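Here are the chains, one letter per residue:
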Amino acid sequence: MNERTLLGIRLPATGRTYDFWVPDDMQMQEVVQLVCQAMQRIEPAFFRYDGKQALMHMPTGRILDPHASIVEMGLSDGALFVVV
């Protein structure tokens, strides 16, 4: 098992997808916070983190359990999400 997983995160305002390495044991609520803080720094003209964002799993259209970890959800490298 990997110790981290590569996630693809799409920012709708730009249409770009960014790659993030995330520790397997990190809960999704922490992933959302870290990814959104990074997005705000990367794309300040297009994104402002206000704590209300979530990550939607693109293949299923679902917002995943914020208390589950990457490994608990069975995500693997290349899993795609969009910021909502």
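Remember, it's a predicted structure, so these values are computed and weren't measured experimentally.

**Student:** Describe in detail the confidence of the model for the chain, supporting the description with residues and values.
**Tutor:** Segments scoring low in pLDDT should not have their predicted coordinates read at a detailed level. Chain-level statistics for the chain give a pLDDT mean of 94 and a share of 98% at 70 or above. Strand β1 (residues 4-11) holds the highest mean pLDDT among the elements of the chain, 97, whereas strand β4 (residues 62-63) holds the lowest, 94.

**Student:** How would you sum up the nonpolar core? Please name residues and give values.
**Tutor:** Leu7, Ile9, Val31, Met39, Leu55 and Phe81 are the most contacted members of the largest nonpolar core, which has 21 residues in total. Broken down by element, the residue count for this core peaks at 6 residues, all from helix α1 (residues 28-42).

**Student:** Could you give an account of the pattern of salt bridges, naming the residues involved and the relevant values?
**Tutor:** A full pass over the atoms with the stated rule returns 1 salt bridge. In this structure, Glu43 engages Arg16 in a salt bridge whose closest nitrogen and oxygen atoms are separated by 2.9 Å. Here the residue Glu43 occupies a position in the loop between α1 and β3 (55-57), and Arg16 occupies one in strand β2 (residues 16-23), the gap between them amounting to 27 residues. Its relative accessible area of 7% is what places Glu43 among the buried residues.

Conventions adopted
- Within each chain, residues carry numbers counting from 1 in the order of the written sequence.
- A pLDDT threshold of at least 70 governs which residues receive local features in this predicted model, and a stricter bar of 80 or more applies before side-chain atom pairs are shown or counted, although totals over entire chains, interfaces and linings include all residues.
- For side-chain calculations, the full set of non-hydrogen atoms in the structure is used, while hydrogens and water are omitted.
- One confidence number per residue, pLDDT, is output by the predictor and ranges from 0 to 100.
- Helix and strand labels come from DSSP, where a helix needs a run of H or I of at least four residues and a strand needs a run of E of at least two; each type is numbered from the N terminus.
- Working definition of a nonpolar core: buried Ala, Val, Leu, Ile, Met, Phe, Trp, Tyr and Cys residues. They are joined through side-chain atoms within 4.5 Å.
- Relative accessibility thresholds used throughout: buried, under 20% of the residue-type maximum; exposed, over 50%; partly exposed, between the two (1.4 Å probe, protein chains only).
- Basic side-chain nitrogens of Lys or Arg form a salt bridge, by our definition, when they fall within 4 Å of a carboxyl oxygen of Asp or Glu.

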